[in-house]
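Okay, here's what each chain looks like letter by letter:
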Amino acid sequence: MKVTIDRMQCVSCGSCWDTCPALFVQNDDDSFSQIVEEYRDKGDRGASVAIPDTMACVREAAGLCPASIITIVE
Ligand code: SF4
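Okay, so let's go over this structure. (Residues numbered from 1 in each chain as written. Predicted model: local features only at pLDDT ≥ 70, side-chain atom pairs only at ≥ 80, totals over all residues.)

## Some words on the environment of Ser33
Structurally, Ser33 is set in strand S3 (residues 33–35). Its 28 C-beta neighbours within 10 Å are what place Ser33 among the buried residues. For the pair Ser33 and Ser12, spaced 21 residues apart in the sequence, the C-alpha separation amounts to 6.5 Å. (Helix = DSSP H or I, 4+ residues; strand = E, 2+ residues; numbered from the N terminus. Buried ≥ 20, exposed ≤ 12 C-beta atoms within 10 Å, placed from the backbone.)

Right, here's the structure in full:
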């Protein structure tokens, strides 16, 4: 699966990086969520390369996002 974050709509609640720090981290400059460097697609902070389906916390984080801006593409 791949993940995107519509970063400009992020409200910096912290839920995603608390729930799934393996994939999400707060950006120090704009405070929005971003993909951790290891999994960024060509350096894009808002899009991941394919990540293991075993990373179950990703689905949990997407479901908890109050802004519903984390999208999973299978
Ligand atoms: S859960 Fe959603 S709104 Fe909250 S920090 Fe993550 S992407 Fe932003």
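After that view of the structure, there is still more to cover.
## Brief notes about the nonpolar core
One finds Val3, Ile5, Cys10, Cys16, Cys20, Leu23, Phe24, Ile35, Val58, Ala61, Cys65 and Ile70 forming the largest nonpolar core, which totals twelve residues. Listing elements by their share of this core, those giving two or more residues are strand S1 (2–5) and helix H2 (57–64). Each residue touching Cys10, except ones within four places of it in the same chain, is listed here: Ile5, Phe32, Ser33, Ala67 and Ile69. (Core = buried A, V, L, I, M, F, W, Y, C linked by C-beta atoms within 7 Å. Contact = placed C-beta atoms within 7 Å.)

## Side note on unusual backbone geometry
Despite not being glycine, Ser12 shows a phi value in the positive range, around 55°. The residue Ser12 is located in the loop between S1 and helix H1 (15–19) in this model. Residue classification places Ser12 among the partly exposed positions, given that 13 C-beta atoms sit within 10 Å. We note that Lys42 has phi near 55°; this positive angle belongs to a residue other than glycine. Taking the number of C-beta atoms within 10 Å as the measure of exposure, Lys42 has 6 and is therefore exposed.

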